[in-house]
Amino acid sequence: MTAQEMKDELRALAAMVEGRLATIFADGGTPAPLVASMEYSLMAGGKRLRPALCLAWAELAGGTTAKVLDFACAIECIHTYSLIHDDLPAMDDDDLRRGKPSNHKQFDEATAILAGDGLLTEAFTLASSLELPAQRVLQAIFHLSTSAGPRGMVGGQVLDMGLTGKSATLPQLREMHAKKTGALIESSCITGCILGGGNSFDQARASEYGRAVGLAFQVTDDILDVVGDTASLGKPAGSDEAQGKSTYPALLGIDRSRGLARESVNQALAALDGLEHPRAGFLRAVARYILDRKS
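So, a few notes on the structure that sits alongside this text. (Residues numbered from 1 in each chain as written. Predicted model: local features only at pLDDT ≥ 70, side-chain atom pairs only at ≥ 80, totals over all residues. Heavy atoms only, no water.)

1. A look at the nonpolar core
Now for step 1: Counting 73 residues, the largest nonpolar core has Trp57, Phe71, Tyr209 and Leu283 as its most contacted members.
Now for step 2: Element by element, the count of residues in this core is highest for helix α4 (residues 65-86), at 11 residues.
Now for step 3: Ignoring sequence-local partners within four residues, the contact set of Tyr209 consists of Leu53, Trp57, Cys189, Ala268, Ala271, Leu272, Leu283, Val286 and Ala287.
Now for step 4: Of all hydrophobic cores here, the second largest spans 11 residues; its members include Leu163, Val219, Ile223 and Leu252. (Core = buried A, V, L, I, M, F, W, Y, C linked by side-chain atoms within 4.5 Å. Buried < 20%, exposed > 50% of the residue type's maximum accessible area, 1.4 Å probe, protein only. Helix = DSSP H or I, 4+ residues; strand = E, 2+ residues; numbered from the N terminus. Contact = heavy atoms within 4.5 Å.)

What follows is the structure, encoded as structure tokens:
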């Protein structure tokens, strides 16, 4: 699959996800100011990479996107909540997200906190509503909640704060990013595979792929913060260095960091060896694209 074909597929999956996201608060049961804040960040764009990975792995495992769509949207709700909270003054204190004022700048801190809380809990309303075998749904929810919680993304944020302003070792950096960024990306792959009916061998492939893609994504993100610009990134360029964040370029330099990203992409591609399903071609193209992305 060419890079352009992959981008077209990614846009198609993103459009499917966004169509559903636009409806989840349409029942009128949620206070309007809270809906406004949640939808401000939820519908602000982005590549929708995580839900796309979930949908692709579900199809690769024999399932359908229609059956798994709400779970993919749950993953995006969790990702969006994490961005809202990461931008808060008590955390990364960022004023810009996806080219727009951060949620707490557009509204206020209290509303932003509650918007994040609302999206996190709404995720599990969505995830538990699937019309699939209960054991699959339960297994997927268990994996997602573990990856998003204190053993995963939340724990990674704590490690990130603890390393800010300090010189991290490579093992510390790997652990922090494996939890903060990698855990949700890996979970997107594994949960899609589980929900699609994949067996333990399929799930191991999904885990290996997701772990490698997650590392490549984070390393590239760190590089872009150094060499990118604010307009392209949609958030302040150079903020990692300004805040004293521990990053791969700070520890390894740009060239070695790029080498690590390439190595991780090759590991992701190896996890797909022997798979001829069309979605395997898409997943290979996604892994390669990570190295070339500009935002």
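2. Remarks on the pattern of salt bridges
Now for step 1: For the structure on display, the rule yields 10 salt bridges.
Now for step 2: Residue Arg20 pairs with Asp70 through a salt bridge whose shortest N-O separation is 2.7 Å. Here Arg20, found in helix α1 (residues 3-21), pairs with Asp70, found in helix α4; they are 50 residues apart in sequence, far enough to count as distant.
Now for step 3: On the accessibility criterion, Arg20 (24% relative accessible area) is partly exposed.
Now for step 4: Residue Asp70 is classed as buried on the basis of its relative accessible area, which comes to 16%.
Now for step 5: Between Glu76 and Arg48 there is a salt bridge whose closest N-O contact spans 2.8 Å. Remark: Arg48 occurs in the loop between α2 (32-42) and α3 (49-60) and Glu76 occurs in helix α4; sequence separation between them is 28 residues. Both residues of the pair, Glu76 and Arg48, count as buried.
Now for step 6: One salt-bridge network, in which partners are shared between bridges, spans Glu9, Glu59 and Arg279. (Salt bridge = Lys/Arg side-chain N within 4 Å of Asp/Glu carboxyl O.)

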